[in-house]
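Observations on chain architecture
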Amino acid sequence: MRISVVGGGYVGLVSSACLAELGHSVNLIEIDKKKVTCIKSGHSPIFEDGLDEMLAKHINLNLKISSDYNDVPLSDATFICVGTPQSHDGSADLSMIKAASHSIGNVLRDSEKYHVVAVKSTVPPSTTQQLVMPIILENGRIKDQNIGFVMNPEFLREGRAIQDFMKPDRIVIGSSDIKAGDLIATVYHGLNAPVVRTGITEAEMVKYASNAFLATKISFSNEIGNICKRLGIDVYEVMKGVGLDHRINPYFLNAGAGFGGSCFPKDIMALIHLAERLEEDPILLKSIITVNEHQPKRMVDMLEKKIGSLSGKKVAVLGLAFKDNTDDVRDSRSIGVILDLKNKGAWVAAYDPKANVSMRSIIPDIDYCSSAAEALKNADACLVMTEWPEFSSLEKEFDLMKSRIIIEGRKILSCADCEGICW
Ligand SMILES: NC(=O)c1ccc[n+]([C@@H]2O[C@H](COP(=O)([O-])OP(=O)(O)OC[C@H]3O[C@@H](n4cnc5c(N)ncnc54)[C@H](O)[C@@H]3O)[C@@H](O)[C@H]2O)c1
């Protein structure tokens, strides 16, 4: 099939490469010219395991990238993968969805060839029908029978995105007409996953409900972890026992510094905003956020209890990405921790295997180190914020510190004298 993808970020670029790998002819449209140049040369502007190799295999062959929408009418389907970040009031900012819909409508104007527009971005229920469809239909003056609309939420996890795209737990296709849904189902032929067919608004809500449930598991584990810590109980042993219950399952029960990233925080906030607009009080959703905001603060509190005033102390922060295997620092728990440390007068030396550059654009005025050892040298304390596998073998590097005060926000170290936030 010929497929257009709008937005070459974490979702759009991975989807484009994987769709090319599935044998489709992909036309990726990205407005950021720097990203276009980088991708055109066969390099990914983001770090994602296996993505460079996949790009090198398909770029300029069955995967083309540019900033113009002119080839959209030649495609069978267009996937919208632009960002839906959090607005200042907590709602989802849909301005990029609007702009992309305008551009798609413009190039599909008076088109006679059947085309399906599928929204992959995470959007609040009704967005596809009340925003995307009217904009494209009005701009495009397209006859109803020549266009279909689908909501096809994406569930990939950064760091394991290619694997998740190629081996998804499920493919959710929300459509109001069978023909449009069937066409999008065809795109995924060859993938071995159950296909769940729903209405459009149901598919939009599946994504928010999934993320809210996963975030609930994390905040729940953190709260149990905080109680366990007081009692001297190892929450990881507890959750191992809990997770083996098939009704619960072992995933997303890792207590620690809380969740960050480009999805959970903003999606829960968007759901809270939506609920409140409907005059519902989303008590549980609000608590998920409250617990999550407290966790990183607990790390700095623990540190102060151990070493007193942080003024003038050197603190090594290991891990800046919101999780391992990515360079994404959006809403990373380390941001709040670093800002807190800075406010208290500490000197921060940070190290991340992949995310130093992305964090520098948010917090420029700390020391960025090229290894854990460099960050740890003469440090008064160390906070571990990301579960990078390479941290598990750190041992003698901690001897470089002035004093071995090590607090883990993620359970990853193997040395005996570190203290966990909830364990
Ligand atoms: N990142 C994830 O792990 C993930 C997982 C599932 C779903 N999602 C959802 O997918 C959507 C995209 O997320 P992301 O992380 O890929 O965002 P991103 O910010 O990494 O990428 C979005 C890209 O779209 C480009 N863009 C913006 N407007 C455009 C336009 N009009 N035309 C062409 N390109 C345009 C931007 O330049 C950017 O490169 C969001 O709604 C997000 O919630 C993200």
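Residues numbered from 1 in each chain as written. Predicted model: local features only at pLDDT ≥ 70, side-chain atom pairs only at ≥ 80, totals over all residues.

1. What about the nonpolar core?
- Ranked by internal contacts, the top residues of the largest apolar core, which has 75 residues, are V6, V14, A17, I80, V117, I184 and I268.
- In terms of residues, this core owes the most to one element, helix α1 (residues 10–21), which gives eight residues.
- Viewed by domain, this core spans two of them, domain 1 (2–198) and domain 2 (264–420), each represented by three or more residues.
- Once residues within four sequence positions are removed from consideration, I268 is found in contact with N211, A212, A215, L285, I288 and I289. (Core = buried A, V, L, I, M, F, W, Y, C linked by C-beta atoms within 7 Å. Buried ≥ 20, exposed ≤ 12 C-beta atoms within 10 Å, placed from the backbone. Helix = DSSP H or I, 4+ residues; strand = E, 2+ residues; numbered from the N terminus. Domains from an automatic or database assignment. Contact = placed C-beta atoms within 7 Å.)

2. Some thoughts on the pairing of strand β1 (residues 2–6)
- Burial analysis of β1 places four of its five residues in the buried class, which makes it a mostly covered element.
- Relative to strand β4 (residues 77–80), β1 is paired through four bridges, and the arrangement is parallel. Across the sheet, I3 pairs through a bridge with A77, a residue of β4. (Pairing = 2+ DSSP bridges.)

3. Let's talk about the pairing of strand β2 (residues 25–29)
- Summarising burial for β2: four of the five residues are buried, a large majority.
- Here β1 runs beside β2; their pairing, made up of five bridges, is parallel. Each residue of the ladder has a partner; that of V5, found in β2, is L28.
- Since β1 and β2 lie parallel, the crossover through α1 that links them has a hand, and here it is right-handed. (Right-handed = clockwise from strand over helix to strand, strands pointing away.)

4. Examining the packing of α1 against helix α3 (residues 51–58)
- At a minimum axis separation of 10 Å, α1 and α3 run at an interaxial angle of 55 degrees. What the angle tells us is that α1 and α3 run oblique. Of the two elements, α1 crosses α3, and the hand of that crossing is left-handed. Residues V14, A17, A20 and E21 of α1 lie in contact with α3, whose contacting residues are L51, M54, L55 and H58.
- Across the contact of α1 with α3, the residue classes tally to six nonpolar, one polar and one charged. (Axes fitted to C-alpha atoms, helices over the stretch in contact; angles between N-to-C directions. Parallel < 35°, antiparallel > 145°, perpendicular 65-115°, else oblique. Left-handed = near helix turned anticlockwise from the far one by under 90°. Nonpolar A, V, L, I, M, F, W, Y, C, P; charged D, E, K, R; others polar.)

5. Let's talk about the site of the ligand
- In the neighbourhood of the ligand, 27 residues make up the surrounding shell, with G7, G9, V11, S121 and T122 lying closest.
- Among the elements of the structure, α1 and α4 (95–107) are those that each provide at least two residues to the shell around the ligand.
- For the shell around the ligand, the leading source of residues is α4, giving four residues.
- Class assignment for the residues of the shell around the ligand results in 12 nonpolar, 10 polar and five charged. (Near = placed C-beta within 6 Å.)

6. So, unusual backbone geometry
- Within the chain, N249 stands out as a residue other than glycine whose phi angle is a positive 75 degrees.
- With respect to the secondary-structure elements, N249 resides in the loop between α9 (235–243) and α10 (264–277).
- Classification of N249 as exposed rests on a count of 12 C-beta atoms within 10 Å.
- Positive phi values are uncommon outside glycine, yet F252 reaches one of about 60 degrees.
- Looking at the secondary structure, you find F252 in the loop between α9 and α10.
- Accessibility expressed as a C-beta count within 10 Å gives 17 for F252, which makes it partly exposed.

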